[in-house]
Amino acid sequence: MKITLKKSLIGSKKDQIATALSLGLKKVGDCTEQPDNAQTQGKIKKIGHLIEVSKD
């Protein structure tokens, strides 16, 4: 699945920032390809308001 950071991490909680960084998302507009598994789904749920997900 393709994950894109759509909103800034400024003002986010430390754990949300750490989750975004673990996905490889640092700046607005960054994209990453991740496998569709339980671990990735949990990360998406935690920062869903900051990202956009598209399943390829």
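Here is a short report on the structure shown in this document. (Residues numbered from 1 in each chain as written. Predicted model: local features only at pLDDT ≥ 70, side-chain atom pairs only at ≥ 80, totals over all residues. Heavy atoms only, no water.)

## Remarks on the overall build of the chain
Right, on to step 1. Secondary structure summary: the chain contains 2 helices and 3 strands in total.
Right, on to step 2. If you list the helices and strands of the chain from N to C, you get β-α-β-α-β.
Right, on to step 3. Rg of the C-alpha trace for the chain: 10 Å, near the compact-globule value of 10 Å for 56 residues, within the 12% margin.
Right, on to step 4. Overall, the chain is about 30 × 20 × 15 Å in size when its C-alpha atoms are taken along their principal axes.
Right, on to step 5. Partitioning the contacts of the chain with sequence separation of at least 6, the portion at a separation of at least 24 is 68%. (Helix = DSSP H or I, 4+ residues; strand = E, 2+ residues; numbered from the N terminus. Rg over C-alpha atoms; globule rule 2.2 N^0.38 Å. Contact = heavy atoms within 4.5 Å.)

## Structural notes on the side chain of T40
Right, on to step 1. Assignment of secondary structure puts T40 in helix 2 (residues 38-46).
Right, on to step 2. Those residues in contact with T40, other than ones at most four positions away along the chain, are M1, I3, Q34 and P35.

## Side note on the pattern of salt bridges
Right, on to step 1. Scanning the model with the defined rule gives 2 salt bridges in all.
Right, on to step 2. Between D15 and K46 there is a salt bridge whose closest N-O contact spans 3.0 Å. Of this pair, D15 sits in helix 1 (residues 14-22) while K46 sits in helix 2, and the two are 31 residues apart along the sequence.
Right, on to step 3. Relative accessible area serves as the criterion here: at 38%, K46 is assigned to the partly exposed category.
Right, on to step 4. Notably, a salt bridge pairs K55 with D36, separated by 3.8 Å at the nearest N-O pair. Placement of K55 in the segment after strand 3 (51-54) and of D36 in the loop between strand 2 (31-33) and helix 2 is noted, with a sequence separation of 19 residues between them.
Right, on to step 5. Judged by relative accessible area, which is 62%, K55 ranks as exposed. (Salt bridge = Lys/Arg side-chain N within 4 Å of Asp/Glu carboxyl O. Buried < 20%, exposed > 50% of the residue type's maximum accessible area, 1.4 Å probe, protein only.)

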